[in-house]
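# What the coordinates show
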2 protein chains.
Amino acid sequence: MKELIVATKNQGKVSEFRQMFSKYNISVKSLLDIDRIIDIEETGTTFEANAIIKAEAMVELLGLPVVADDSGLEVDALDGEPGVYSARYAGMEKDDQKNTAKLLRELEGKTDKERTARFVCAVAVARPGVETFVKRGTCEGKIATEPQGTNGFGYDPVFIPRGSTRTLAEHSSDEKNAISHRHHAIEQIEDWLKTLS
Amino acid sequence: MKELIVATKNQGKVSEFRQMFSKYNISVKSLLDIDRIIDIEETGTTFEANAIIKAEAMVELLGLPVVADDSGLEVDALDGEPGVYSARYAGMEKDDQKNTAKLLRELEGKTDKERTARFVCAVAVARPGVETFVKRGTCEGKIATEPQGTNGFGYDPVFIPRGSTRTLAEHSSDEKNAISHRHHAIEQIEDWLKTLS
C-alpha cells in the first residue's frame, strides 16, 4: 500500500482523505503523524551522536535554533544496557511498562550492590550556520526491585537516585528537575540559554 | 519571552524542558506543536493558491509527494464570503461553532432563495522536482436556518446540499464522501492517484 502525505492537521479532513483514498489502495499520513513523516532515524551508538542527529535534522527542516536530547539508562550489571536502546528495550513499540518489566526480569536475584545504574542525558544545541554543541548530564542511582510511583515517565518508577529511598516516579516534578540527568545536562548549556533570554 | 524548539514528541520530556527552561524566560515548542513550528502562512487569496502554498511548503520540508487541500464556503448573499477565510471567519482561533453562529447571524431574515452557497475544495498535488497541479471540486447547496447534525466538521451542520433536505452533518461519512466538494476535487486527481497505487 502506497503512502501519501496530506498537509493538514484537521482530523475531519484526515478522515475524509483516508476514506476517499482507500479505494486507490493509498494510505494517508498527515501532519498529525509528523514524527513518522520526518522520520529522524537515530542511528547513533552514543547519546551524544543521537542528540546531534535529531537537533541538526530539525534545524535543517525548520531553519530555527533547536534543542534535542537523547537519554537512557545504563545498568552496570548489564554492561551498560539498555543504553541508547532504552526506549525500545522490550520491542519496536515504545512501551514504558514492558521496558521496566524486562529490566526487572534481567536483574532478578541481583543484590542491592549489583543494581547500580545511571540515567544519562545528552543535550545538543543546533542552529543554522553555527557549529552544534552537545553536553552530558547524569543521575546516579540503582534499580528498584519493583515499580513504585506514578510521576515522570520511562524508567522513573524503577530508578532510585543515590541518596534517596524513593524512586524518581515518587519524586515531585520539582524534586526530579533538581537532580535529574536532564537537569544536569541543561545546566551545561545554561550560558547559551542565558544569551537567548 | 524567547521560544525554543525541543525536538521531541515525548510529552514527559516536553514538560521537563518547559519547567527547566522557564527560569531562563524561555518558552518551549516541541514536535507536538509542529504546525506552529512549520507555520505555513496561507497568504493566497484563492483556494487554489493556498492549496499550492501548503503542498509545496511540505514537499520542500519532506522531499516526498504531498497532497494539500484548501477549502471553504462561498455564500452568494455575502458576495462569496467567508471564502478563503472560512476557518477563521469569527476570529483568529479556528472555532467551528463561532463560525457557524456568525454565518447564521449574517443571513438572518434571508429567504430560502437568498441562502444559496457552495462548498469549494482545491486539491494541490506537489512532488519534488515536478510541476505542481491543482484541481477544484464544488458542492452546491444552501445555508440552513439553524445547525443540525453532528457528523463532519466546519460548516457541515448548516449546509444543505442541493437535492437533500438534511445538512451535511446529518449525512453519514459515506454519503458525504459521495457528494462533497472534496470528493469532486479528488475525482479530478484520480488519474494521478491510480499511477501511485
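In this text, all values refer to a predicted model and were calculated from it rather than measured experimentally. (Residues numbered from 1 in each chain as written. Chains lettered and ligands numbered in written order. Predicted model: local features only at pLDDT ≥ 70, side-chain atom pairs only at ≥ 80, totals over all residues. Heavy atoms only, no water.)

### Considering the UniProt feature "active site" (unreviewed entry) in chain A
All names here are of chain A. The criterion, for reference: UniProt positions are given in the numbering used here, feature names are shortened, and annotations may be inferred rather than shown by experiment. Helix numbers and strand numbers start at the N terminus; a helix is a DSSP run of H or I with at least 4 residues, a strand a run of E with at least 2. Each residue is placed in one exposure class: buried if its accessible area under a 1.4 Å probe, protein chains only, is under 20% of its type's maximum, exposed if it is over 50%, and partly exposed if it falls in between. Polar contacts here mean pairs of N or O atoms no more than 3.5 Å apart (in protein, one a potential hydrogen donor and the other a potential acceptor; neighbouring residues in sequence count only if both atoms are side-chain atoms).
Per the UniProt record, "active site" (unreviewed entry) is found at Asp70. Topologically, Asp70 is positioned in strand E3 (residues 66-75). Residue Asp70 is classed as buried on the basis of its relative accessible area of 5%. Within the local environment of Asp70, its side chain forms a polar contact with the side chain of Asn50, the two groups lying 3.4 Å apart.

### Some points on the sheet that holds strand E1 (residues 2-6) of chain A
Hydrogen bonds along the backbone pair up the strands of a sheet, which may run parallel or antiparallel. Rules: One requirement defines pairing of two strands: DSSP has to find at least two bridges between them. Whenever a helix is involved, its axis is fitted only over the stretch in contact; in every case the axis is a line through C-alpha atoms, and angles between N-to-C directions fall within 0 to 180 degrees.
Spatial ordering of the open sheet is given by E2(A)-E1(A)-E3(B)-E4(B)-E5(B)-E6(B), a layout of six strands whose pairing is mixed. Two strands close off the open sheet at either side, each with one partner strand: strand E2 (26-30) of chain A together with strand E6 (159-161) of chain B. Direction aside, the axes of adjacent strands within the sheet are offset by 40° on average. Sheet topology places strand E4 (residues 116-127) of chain B next to strand E5 (residues 130-143) of chain B; eleven bridges connect them, and they run antiparallel.

### Comments concerning the nonpolar core
Defined as follows: Definition used in this section: a nonpolar core is a set of buried Ala, Val, Leu, Ile, Met, Phe, Trp, Tyr and Cys residues joined via side-chain atoms within 4.5 Å. Contact criterion: two residues are considered in contact whenever any of their non-hydrogen atoms come within 4.5 Å of each other.
Ranked by size, the top nonpolar core spans 34 residues in total, and within it Ala55, Met58 and Val66 of chain A together with Ala55, Met58 and Val66 of chain B carry the most contacts. Of all the secondary structure elements, the ones that give two or more residues to this core are helix H3 (47-62), E3 and strand E4 (116-127) of chain A together with helix H3 (47-62), strand E3 (66-75) and E4 of chain B. What Ala55 of chain B contacts, discounting residues up to four positions off in sequence, is Val66, Ala68, Ala124 and Ala126 of chain B.

### A short note on the UniProt feature "binding site: Mg(2+)" (unreviewed entry) in chain A
Residue and element names in this part refer to chain A. Mapped onto this numbering, the UniProt entry annotates "binding site: Mg(2+)" (unreviewed entry) at Glu41 and Asp70. For this annotated set, covering 30 residues, all C-alpha atoms fall within 12.4 Å of each other, a compact arrangement in space. By secondary structure assignment, the location of Glu41 is in the loop between helix H2 (34-38) and H3. Judged by its relative accessible area of 57%, Glu41 is exposed. Among all residues touching Asp70, those that are not within four sequence positions of it are Glu42, Thr46, Phe47, Asn50, Ala51, Lys54, Val84, Val120, Cys121 and Ala122.

### Section: the interface of chain B and chain A
Selection criterion: Buried area: the accessible surface (1.4 Å probe) lost by two parts on joining, summed over both. Note on definitions: salt bridges are taken to be side-chain nitrogens of Lys or Arg within 4 Å of carboxyl oxygens of Asp or Glu. Residues are grouped as follows: Ala, Val, Leu, Ile, Met, Phe, Trp, Tyr, Cys and Pro are nonpolar; Asp, Glu, Lys and Arg are charged; all remaining types, including Gly, are polar.
Contact residues are listed per partner, giving 50 residues for chain B and 50 residues for chain A. Between chain B and chain A, the buried area comes to about 4700 Å², and carbon and sulfur atoms account for 70% of it. Note that Lys176 of chain A is salt-bridged to Glu16 of chain B, the shortest N-O span being 2.4 Å. Linking chain B to chain A there are 15 residue pairs in polar contact (both at pLDDT 80 or more). The element that contributes the greatest number of residues to the side of chain B that touches chain A is helix H1 (residues 11-22) of chain B, accounting for seven residues. Classifying every residue of the side of chain B that touches chain A by side-chain character gives 28 nonpolar, ten polar and twelve charged. Note that E3 of chain A and strand E1 (residues 2-6) of chain B share two bridges and pair parallel. Residue pairing in the sheet places Val66 of chain A in a bridge with Ile5 of chain B of E1 of chain B.

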